[in-house]
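Chain residues, written in single-letter form:
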Amino acid sequence: MMVVWGPGHGAPGVLSGLWLEGSITKFYSHMTMDKPGFDKFVKSFSWPGGFPSHINAETPGQIHEGGELGYALSVAYGAVMDYPDLIAVAVVGDGEAETGPTATAWHAHKFLDPGESGAVLPILHANGFKISERTLMGCADDKELTTLFTGYGYQCAIVDYGDLANETDEADRNMQINLAATMNWAYDEIRKIQSAARSGNPITKPRWPMIVLRSPKGWTGPRTVDGLPVLNSFRAHQVPLMQARTDKGQLQQLKDWLASYKPLELFDPSANNIVKPKTIAILPKDPSKRLGQRKITYDGYQPLNCPEWIPFATKKNQEESPMKAIGRYLAEIVKLNPKTFRIFSPDELRSNKLDQVFEHTTRDMQWDPETAHKGGRVTEMLSEHTLQGFLQGYTLTGRTGLFPSYEAFLGIVTTMIEQFAKFSKVAQTDVKWRGPTSSLNYIDTSTLWRQEHNGYSHQNPGLINSLLDLPHHMVRVYLPPDANCAVSCMAHCLRSKNYVNLIVGSKSPAPNLLTPEQANEHCVAGISTWPQYSTHNGEDPDVVLVGCGNETTTEVLHTVNILKEDLPQLRIRVVNIVDLLALAIPGEHPHALSDASFDSLFTPDKPVIVNFHGYPSAVKTLLFPRGNAANPGRFQISGYIEQGTTTTPMMMLRYNECCRFDVAIKAIQGILKEKKTNKIDVKAHALMAKYMHLNRELEKYAKETGEDPPQYQQAVLHEG
C-alpha cells in the first residue's frame, strides 16, 4: 500500500506515523529514535528549514503536495496504473471534496483496469468543517452520501463516531475497531474484483469500495477554549490553544490534552530507543513495506525504450502534419513500452492527429465493453484536472506520460503544473534521497493560428507565459517549425528527466523546411541561422527576421521572398528559434545563449523582427535583460495580441500583425529607424503602402469567399 494525503495541513498525523515506523530516521539520520533525535524531529515541524504544515516532497512516502487542494484522488489513480499489486489509499478532506478537480476525479475508477493495474481506496474524511464554514459533504446525511457515491459506481461504507455527548474511551476504541474492520472489508472487495479480472471472468462495471469517515473535528482535543467551542467546530481547524505560552489556563489545557494520550504507555524516555516495542508491533518486519519506504514513491524511475527519431522523419519540402509525424513516433513508443507509457488526452487525440497510436493500442475506458480489459494506453476524459492528476501520479511513481491538448484549454491545469514544479524543485534541490522522475510532457496543438472556425474562445497561448514564471532550469518550451523538428523534440522530451516540457505544434499539413539531418542539428542548437532561406547566405545583414513557431516561421520565409523581389539589394538573415529558453539569461538556463552567441545570431546593432507564435510578452520577458540599452527598440516582437475571431488562417495572422506583409513593413521600418543604410529610402514608403493595400485586399477576399486567396495558400517555399 501507499498513501496519498489530500488534506492541506494534515502533516502532523502523517509525520508522526513516519517517525514511529522508522522512515523519518532512514531519510533524516539526525532524527533518531532516541530522545535527542525525537526532540530534533518535533522542533523541525513548521520551523525554518524543517517540515511545512502540509505534505511535500520532503515527506517520505508521499508523491503529492498537500497544498494542491483537490488533486489527491486523481494522483492516487495515476500512481496505481500498471502496478497490479499496489493499493493507494487516498485520504480526501471534505473541504477538498468541494473542489472541481476532486468532483471529476470520483469517476477515475472507470478508467482503471483491475486486470493490469492496482486499486485506489478513497477515504472521504467528512468531519464537517473547513477554515470557518461547514463543508458540503459534512452537511450531507448518510443516505445522501450513500446515494451519491453509489451513483458514481462505488460501494460506500460509512464509519461514524456517533454522538459526541457519549465521548468515552470505549467510544474511541469502537471507532478504531470499526475503521479497522472496514479497511479489511475494503481490501477483500478490491482483491475480489482483481481476482475475477485476472482469472478471465471480469466483473462488468465493478463497484470499488470507498469509505466515508465521520470523525469529529478536533477529536480528542479540548472541548472549549476561553468559553468558545472547539471540538466539532471550525475552530479546531486552526491551532486551538494559541496562548499556551503566556496563558497558564491554556498551558494546563495543553498538558491535560497531551496527557490524555497516555504517552508513558507508548514511550520510555530513558531507553535508547524510546518507542516501546508494543507500540510498533503492528509494523511490517520488512521496512520496504512500510508506508514511508515504498521505493516507487521516491526512486522508481524506469526509462522508456525510445527509438531514434530520424527513421520517422520525412523528406524536405514534403508536406506533412507535425502532429501526424509525432503520431507515427508515438505509435512505436506505445509498441515498445506496453506497461510504462500512457497518453492522457481530453477527448482530442484523433482531432489532434495523433490517432496513429491506435494501431498498437486502444482507449482504456472500463465502462465501455468495446475497450474494457484491453490494456489501452490512451485515457480520454473531458476533465483536464483529472488527467493532470493521472499524469502526476503515473510520473512520480516512475513511468512516463504525455498530455496532448487543445492549446486554449491546457491552461486549465496551470496551477497544477506549477504545484508539481514546486514539488519537483524541492525534490531535486533539497531532498537528496529522491531519485529522478521522467519529465511532465505536454503538447499544445489545435493552436490559435489554425483554429478551424472554433472562434475566439479557442485562442489562448498563455501556458507559455505561465511556464516562464517557473524556475527556468526546470522548463523547456519547444516551438518546432516543421514536422521533422517536431518529432525530434518529442523524442528528446520522452527521454528527459525532471523537467516540464511543452511542445507547441501544428496539426495542419505544411512543407518540411529542413532535412532530417538539418532538423537534428537545429534542435540540438535550439536556435540557428538558416542561410538557405536568407539572402547572401545571411552574411552582413541589414535586418534579421526571426521565426518562432510553425505558422509564424512560414510567414517569415514568405516575407523574405517578397522583399527579395521588391528590394533585391537588401541583405536579410533568417533565424529560427525552436528552443524558446535559448533566449534566457546565461546562467539561468542550461540552454541559454552566451552573449557572444547571441550577438553572432542577432548582430550587435541591426534591427531584429521576431515573429512569435504566442503572446509577445513571453519573448519580451526573456529579451528584456539582454536588450541593447543604447538601442532598446532594436527588437520588434510580433505575436498574438488578442485579435481573435472566426476567420481564415491568413486573416488570423493578419489581424495579429504577423502575416508576411506586416513583417515586411516592420522590417522596412526597422531599417529606416536604424539609418544604417540608404538602400531602401527611395522605395520604402511606396512599398509599405503597397503591403498595407495587399492586407486590405486579403481581408476583403476572405470576407467575401470565406477562404484565403489561392496565391496565399501555396505552401512551397524556395531557398536562396
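Look up: the structure comes first, before these words.
Note that the coordinates shown come from a computational prediction; the quantities given were computed from them, not determined experimentally.

What counts, and where the lines are drawn
- Residues numbered from 1 in each chain as written.
- Predicted model: local features only at pLDDT ≥ 70, side-chain atom pairs only at ≥ 80, totals over all residues.
- Heavy atoms only, no water.
- Axes fitted to C-alpha atoms, helices over the stretch in contact; angles between N-to-C directions.
- Helix = DSSP H or I, 4+ residues; strand = E, 2+ residues; numbered from the N terminus.
- Parallel < 35°, antiparallel > 145°, perpendicular 65-115°, else oblique.
- Left-handed = near helix turned anticlockwise from the far one by under 90°.
- Contact = heavy atoms within 4.5 Å.
- Nonpolar A, V, L, I, M, F, W, Y, C, P; charged D, E, K, R; others polar.
- Core = buried A, V, L, I, M, F, W, Y, C linked by side-chain atoms within 4.5 Å.
- Buried < 20%, exposed > 50% of the residue type's maximum accessible area, 1.4 Å probe, protein only.
- Phe/Tyr/Trp six-rings, centres within 6.5 Å; stacked < 30°, edge-to-face > 60°.
- Lys NZ or Arg CZ within 6 Å of the ring centre and 35° of its normal.
- Pairing = 2+ DSSP bridges.

### Looking at the packing of helix 17 (residues 550–566) against helix 22 (residues 681–705)
Inference 1: Contact pair helix 17 / helix 22: the axes reach a minimum separation of 12 Å and the direction vectors enclose 135°. Comparing the axis directions of helix 17 and helix 22 gives the class oblique. Helix 22 is crossed by helix 17, and the crossing has right-handed handedness. Across the interface between the two elements, Ile562, Leu563 and Asp566 of helix 17 pack against Lys683, Leu687, Lys690 and Tyr691 of helix 22.
Inference 2: Residue composition of the contact of helix 17 with helix 22, by class: four nonpolar, no polar and three charged.

### As for the nonpolar core
Nonpolar side chains tend to gather and get buried jointly when the protein is soluble and globular.
Inference 1: If you look at the biggest cluster of nonpolar residues, it comprises 130 residues, and the most contacted ones within it are Phe149, Ile464, Leu580, Leu583 and Phe602.
Inference 2: With near-sequence residues (within four places) excluded, Ile464 lies in contact with Val477, Leu479, Leu502, Val504, Leu580, Phe612, His613 and Ala618.
Inference 3: The next biggest cluster of nonpolar side chains, apart from the first, holds 76 residues, and it includes Val378, Leu514, Leu653 and Met688.

### Some details on the packing of aromatic side chains
Inference 1: All chains considered together, the criterion is met by 27 aromatic pairs.
Inference 2: Plain terms: the ring middles of Phe403 and Tyr442 are 5.7 Å apart, the flat faces sit at 40° to each other, and that makes the pair tilted. Linking Phe403 in strand 11 (residues 400–406) with Tyr442 in strand 12 (residues 440–445), this pair joins segments that are 39 residues apart in sequence.
Inference 3: What makes Tyr442 buried here is its relative accessible area of 1%.
Inference 4: Ring pairing ties together the aromatic residues Phe27, Tyr28, Phe51, Tyr298 and Trp433, which thus form one cluster.
Inference 5: A cation over a ring is seen here: Lys26 above Phe27, with NZ or CZ 5.5 Å from the ring centre.
Inference 6: When the ring centre of Trp367 is taken as reference, the NZ or CZ atom of Lys110 above it lies at 4.5 Å.

### Digging into the sheet that holds strand 12
Inference 1: Strand order across the open sheet formed by six strands is 10-9-11-12-14-13, with parallel pairing between neighbours. One side of each edge strand has no neighbouring strand; the edge strands of this open sheet are strand 10 (378–380) and strand 13 (475–478). Direction aside, the axes of adjacent strands within the sheet are offset by 15° on average.
Inference 2: Direction of pairing for strand 11 relative to strand 12: parallel, over a ladder of four bridges. When the sheet's bridge partners are listed, Tyr406 is paired in strand 12 with Thr445.
Inference 3: Sheet strands touched by helix 10 (residues 322–336): strand 9 (341–345), strand 11 and strand 12. Its angle to strand 9, the strand with the most contacts, is close to 140°.
Inference 4: Docked against the sheet, helix 11 (residues 384–396) engages strand 9, strand 10, strand 11 and strand 12, running at close to 160° with respect to strand 11.

### Focus: the sheet that holds strand 18 (residues 572–577)
Inference 1: Sheet architecture is open: five strands sit in the order 16-18-17-19-20, paired in mixed fashion. Edge positions in the sheet fall to strand 16 (527–529) and strand 20 (635–638), since each of these pairs with one other strand and no more. On average, adjacent strands in this sheet sit at an angle of 20° to one another, irrespective of strand direction.
Inference 2: Across three bridges, strand 16 lies against strand 18 in antiparallel orientation. Note on strand 18: the bridge partner recorded for Thr529 is Val575.
Inference 3: On the sheet, helix 19 (residues 616–623) packs against strand 19 (608–612) and strand 20 and is oriented at approximately 150° with respect to strand 20.

Honestly, it's all geometry; don't read function into it.
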